[in-house]
Amino acid sequence: MTRMWIPVLALAGLAGLGLVHGLPGVAAPAQAVAEPGGKALRPRPVAAAGPVVAELFTSQGCSSCPPADAVAARLARDPGILVISRPVTYWDRLGWKDSLGRESNTRLQRQYGDTAFGGANIYTPQLVIDGRTQGVGSQEAKARQLIARAGTVRKASGVAVRVSRTADGGRSVELQGKAGQGADVILVALSANETVRIGRGENGGRTVSYTNVVIDETVLGRWKGGKQTITLRATQLAAPGADRHALIVRQGAGGPVIGSAVI
């Protein structure tokens, strides 16, 4: 079942519920949804503002998460979608410490709940699209609908993100857009694939693969709109355990993502 974190101590013993924060509510049950008709889907065109960002909040301690992790892998095949897997930490208390979990992922999910979704409950598997909309991560058809709508917003944003390689192996990132749109520019180090054999908990004995897992992330600076260039040294693209990097332009903690790039 979908795992939700709520603040009512009296519910702590109920199956499928934990102790996090948020307003009362029930998320729809997670269901695995095949690609429509079982056919290959046409890749989405990449907007000038970059691929749509689909952030999956997942956990090794959540029995409903593996189908969502499989959906994330399929979505990631599309160059118009930047999938980022963000394993959280709040289910560690159920008997298995998530080996990929990061407190920063948990914090960002809370920020999305508070800022983007009006104080709504956070849960796993939750898929957040461009920091604007969300759904159950295993519901692939709905996810693709949300991604398509986000792509339309990106095209109309007037934001452009261009990345070029520098002579020393670093990158030059050029941002362009209307003046006055303040946003944080964040470098995210990713591992393209992590396969974990889970020893205990709801997924005990299972082996699960994760796509584009966050290894590290750094705020590079603030973009205030207009034209701005950020230079990345080669050493900034050498995070241990990472084999790819992405750039996210987000309007504040838990705010919308208005630009992105795969580096």
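For the structure, see preceding data.
Everything in this summary refers to the structure shown in the same document. (Residues numbered from 1 in each chain as written. Predicted model: local features only at pLDDT ≥ 70, side-chain atom pairs only at ≥ 80, totals over all residues. Heavy atoms only, no water.)

Another point: the pairing of strand S14 (residues 257–262). Burial runs high along S14: 5 of the 6 residues are buried. Where strand S13 (residues 244–250) meets S14, 5 bridges bridge the pair, whose relative direction is antiparallel. Considered in S14, the bridge of Ala246 is made with Val262. Between the antiparallel neighbours S13 and S14 lie 6 residues, among them Gly252 with a positive phi of about 85 degrees. (Buried < 20%, exposed > 50% of the residue type's maximum accessible area, 1.4 Å probe, protein only. Helix = DSSP H or I, 4+ residues; strand = E, 2+ residues; numbered from the N terminus. Pairing = 2+ DSSP bridges.)

Another point: helix H3 (residues 140–155). Relative to the 22 Å expected for 16 residues at 1.5 Å per residue, H3 spans 22 Å between its end C-alpha atoms, a close match to the ideal helical length. Taken residue by residue, H3 has Glu140, Ala143, Arg144, Leu146, Ile147, Ala150, Gly151 and Arg154 as its buried positions. Taken down its axis, H3 places every buried residue within 160 degrees of arc, on the same side. Those residues of H3 that are exposed and angled more than 90 degrees off the buried face are Arg149 and Thr152. Where H3 is buried, its residues contact strand S3 (52–58), helix H1 (65–75), strand S4 (81–87), strand S6 (126–129), strand S7 (133–136) and S14. (Expected span 1.5 Å × (residues − 1). Arc of directions from axis to C-beta. Contact = heavy atoms within 4.5 Å.)

Our next topic: the environment of Glu55. Counting through the fold element by element, Glu55 comes out in strand S3. Overall, the relative accessible area of 0% leaves Glu55 in the buried class. With 29 residues separating them along the chain, Glu55 and Ile84 place their C-alpha atoms 4.7 Å apart. Within the local environment of Glu55, its side chain forms a polar contact with the side chain of Arg86, the two groups lying 2.8 Å apart. Here Tyr112 takes part through its side chain, which lies 2.5 Å from a polar atom of the side chain of Glu55. (Polar contact = N/O pair within 3.5 Å; in protein donor to acceptor, adjacent residues only side chain to side chain.)

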